[in-house]
Amino acid sequence: MSFRELMEKYRDGSATPEERELFERELEKYEALSEYAAEREDGELPIPAGEAEETGRVSRAVRRRFRRAALLAAVLVLAVLAAVFGGLRLYEASCYDPNRGVAEKYGGDGQFMLDTAVCTELFSPGFITSYASAERTGPASYQVSVRQQNLFFGEAETFTGLVSGGTFADWDMVDRCFFRQPVVNALQCKLGNFAWQDTDGEISFVPPDDLQKQQEQELRELPESARVLTYFTFREDMPLGEFESVYREITQQEKSTILYVAVRGGDGQHSVMGFEPTGTGIVLGDRYDEERYPALELSNHENPQSAEAWETHFTSMLSYLADREEFLSALHHNLNATELSYTLSYVEENGMQVYGFLMQSRPQDVLAVLEREEIQTMYVENARLSPLSH
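Just so you know, these numbers come straight off a predicted model, no measurement behind them.

Novice: Would you mind going over the packing of helix α7 (residues 209-220) against helix α12 (residues 363-370) with me for this structure?
Specialist: When two helices pack together, their arrangement is given by the angle between the helix axes and the distance between those axes. Where α7 contacts α12, the two axes come as close as 9 Å, and the packing angle between them is 145°. Here α7 runs over α12; the crossing is left-handed. Of α12, the residues touching α7 (which contributes Gln212, Glu216, Leu219 and Arg220) are Pro363, Val366, Leu367 and Leu370. Within the contact of α7 with α12, the residues separate by chemical class into 5 nonpolar, 1 polar and 2 charged.

Have a look at this one:
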């Protein structure tokens, strides 16, 4: 590899640690040369005793040429350094910086945490982000760490990855951390993205009766102390105001917790999106612009568990994430600001329509909800034998 190629890699941040070390050693050589030239310029080259006048003129000419060469070398070194470090600054400024924006207060609660928490609540049913940090490791390079809470099991899981050159280098981390979508037969049937096929080849967006009855029987066999995580869908999309009444009936009468509410986002919707209705999804206090994004933290609303608060909260999350184009671009995902803006316009024009939800409850409570007239499908995601099980 030529020095020029090495310098280009150093400037654009793609050099390996070994290549960066090699380049910096080369720079040290130029600095040493400049220092040596400066020392020779101040001193006199020795002339042997008895040397003729002609020899003296040659010696002086050599000294002049040496000084010019040393000066030129020093200028070249300064020019290279200015180009390298100036180029690095411009390059880094043009790339996604996870920390650019809201500063951390206690650690793991700055701009990257805010971006990740909103994305998690919108697209990852049953999970919240409790910590997210990004440590700079080089030009446009960051080691990121995200800790998420599984609301059903009460366990935390930490993900680590690398942001390099403005994008997340680990695409698997992006899917597992930022877009923890439910299994396709939980909610995707209501989006038209999943269907069942019977033995005659008939397609249906409703699960076969035998599959539903099998899950019902398995629920009846569980002890009353068990806890079950279940997805439900409605026969018809339900306006948010009506859902508020259903929510209160379910959570008060059946003593269950609804962890996620799935919202219709328009025609051709590919991803499940929604919100956490209890107010534990985003907890950042005053770390964001409340005037621009009201109730972005749901618990800041005066009546957080209400249709009014949920709509304000959900639309604020959409608006906020649509404004974070550099974060969306860094994810390198099919989600983009245009899609979020379209969803926001759809909700503003049609109102918030709920097509399903995720509930944590006892087995008998699941069966009771299944008896409700408005419920169409049920999918049991997970179970534990008692509230103490993990």
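Novice: Explain the state of the cysteines to me, please; I cannot follow it from the model alone.
Specialist: Evaluated as defined, the whole model comprises 0 disulfides. Between cysteine 119, a free cysteine, and cysteine 177, which holds the nearest cysteine sulfur, the sulfur-to-sulfur gap is 8.5 Å. Cysteine 119 gets classed as buried once you look at its relative accessible area, which sits at 0%.

Novice: Looking at this structure, how should I read the sheet that holds strand β2 (residues 141-150)?
Specialist: What links the strands of a sheet is backbone hydrogen bonding, and the strands pair in either a parallel or an antiparallel sense. One open sheet holds the 4 strands; their spatial order is β1-β2-β3-β4, and the pairing between them is antiparallel. The open sheet is flanked by β1 (127-138) and β4 (167-168), the only strands paired with a single partner. The pairing of strand β3 (residues 155-164) with β4 spans 2 bridges and is classified as antiparallel. Paired with valine 163 across the bridge in β4 is phenylalanine 168.

Novice: Could you clarify how one ought to interpret the packing of aromatic side chains in this entry?
Specialist: Geometrically, a pair of aromatic rings is defined through the distance of the ring centres and the angle of the planes. For the structure shown, the criterion picks out 17 aromatic pairs. Ring plane angle 50° and centroid distance 5.3 Å describe the contact between phenylalanine 123 and phenylalanine 179, whose orientation is recorded as tilted. With a gap of 56 residues between them, phenylalanine 123 in helix α4 (residues 111-123) and phenylalanine 179 in the loop between α5 (171-177) and α6 (184-187) connect regions that are remote in the sequence. Per residue, the accessibility class of phenylalanine 123 equals that of phenylalanine 179, and both read buried. Look at phenylalanine 243 and phenylalanine 357: their rings are 6.2 Å apart centre to centre, the planes differ by 50°, and that puts the pair in the tilted class. You can see phenylalanine 243 sitting in helix α8 (residues 240-253) and its partner phenylalanine 357 sitting in strand β10 (residues 353-361), a full 114 residues away along the chain.

Novice: Sorry if this is basic, but what is going on with helix α11 (residues 337-350) here?
Specialist: Side chains three or four residues apart in an α-helix point the same way, a direct result of the helix having 3.6 residues per turn. Helix length check: α11, at 14 residues, gives a terminal C-alpha distance of 20 Å against a target of 20 Å (1.5 Å per residue), a fit within 8%. The complete set of buried residues in α11 reads Ala337, Leu340, Thr343, Leu344, Tyr346 and Val347. For α11, the elements touching its buried residues are α4, α9 (307-323) and α10 (325-331). Backbone nitrogen of threonine 338 and a side-chain oxygen of the N-cap are separated by 3.1 Å at the start of α11; the cap is asparagine 336. Following α11 by one or two positions, glycine 351 has its phi on the positive side, about 80°.

Novice: Where do I start with the side chain of asparagine 150 in this structure?
Specialist: The residue asparagine 150 is located in strand β2 in this model. Take asparagine 150: its relative accessible area is 18%, and that puts it in the buried class. A distance of 3.0 Å separates a polar side-chain atom of asparagine 150 from the backbone nitrogen of phenylalanine 152. Apart from the residues within four sequence positions on either side, asparagine 150 is in contact with Gly126, Phe127 and Glu155.

Novice: Teacher, can you tell me more about the sheet that holds strand β9 (residues 274-275) here?
Specialist: With antiparallel pairing, 5 strands are arranged side by side in an open sheet as β9-β8-β10-β7-β11. Of all the strands in the sheet, just β9 and β11 (375-384) have a single pairing partner and so form its edges. In this structure, strand β7 (residues 227-239) lies alongside β10, joined through 8 bridges in antiparallel fashion. From the neighbouring strand, threonine 233 faces β10, where its bridge partner is glycine 356.

Novice: Sorry if this is basic, but what is going on with the pattern of salt bridges here?
Specialist: Once the charged atoms of two side chains with opposite charge are near each other, the side chains can pair. Here the structure, examined in full by the defined rule, presents 12 salt bridges. For arginine 100, the salt bridge identified is with glutamate 326, shortest N-O distance 3.2 Å. Here glutamate 326 lies in helix α10 and arginine 100 lies in the loop between α3 (53-94) and α4, a separation of 226 residues in the sequence. Its relative accessible area of 33% is what places arginine 100 among the partly exposed residues. Between arginine 264 and aspartate 237 there is a salt bridge whose closest N-O contact spans 2.8 Å. You can see arginine 264 sitting in the loop between β8 (257-263) and β9 and its partner aspartate 237 sitting in strand β7, a full 27 residues away along the chain. Several salt bridges share partner residues, and in doing so they unite Arg100, Asp115, Arg324 and Glu326 into one network.

Novice: What is the right way to look at the nonpolar core in this model?
Specialist: Nonpolar side chains tend to gather and get buried jointly when the protein is soluble and globular. Counting residues in each nonpolar core, the largest one holds 71 residues, and the members touching the most others are Phe112, Phe168, Phe178, Phe243, Phe314, Leu321 and Phe357. Considering each element in turn, this core owes the most residues, 9 residues, to α9. Residues contacting phenylalanine 168, with those up to four places away along its chain left out, are Tyr96, Phe112, Val144, Leu162, Val163, Val174, Phe178, Ala330 and Leu331.

Novice: I keep staring at the pairing of β10 and nothing clicks. Help me out?
Specialist: Along any regular strand the residues' side chains alternate between the sheet's two faces. Judged by how many residues are buried, β10 sits mostly within the fold: 9 of 9 residues are covered. Here β8 runs beside β10; their pairing, made up of 6 bridges, is antiparallel. Among the inter-strand pairings, isoleucine 258 is bridged to a residue of β10, identified as methionine 359.

Parameters and conventions
Residues numbered from 1 in each chain as written. Predicted model: local features only at pLDDT ≥ 70, side-chain atom pairs only at ≥ 80, totals over all residues. Heavy atoms only, no water. Axes fitted to C-alpha atoms, helices over the stretch in contact; angles between N-to-C directions. Helix = DSSP H or I, 4+ residues; strand = E, 2+ residues; numbered from the N terminus. Left-handed = near helix turned anticlockwise from the far one by under 90°. Contact = heavy atoms within 4.5 Å. Nonpolar A, V, L, I, M, F, W, Y, C, P; charged D, E, K, R; others polar. Disulfide = S-S within 2.5 Å. Buried < 20%, exposed > 50% of the residue type's maximum accessible area, 1.4 Å probe, protein only. Pairing = 2+ DSSP bridges. Phe/Tyr/Trp six-rings, centres within 6.5 Å; stacked < 30°, edge-to-face > 60°. Expected span 1.5 Å × (residues − 1). Polar contact = N/O pair within 3.5 Å; in protein donor to acceptor, adjacent residues only side chain to side chain. Salt bridge = Lys/Arg side-chain N within 4 Å of Asp/Glu carboxyl O. Core = buried A, V, L, I, M, F, W, Y, C linked by side-chain atoms within 4.5 Å.

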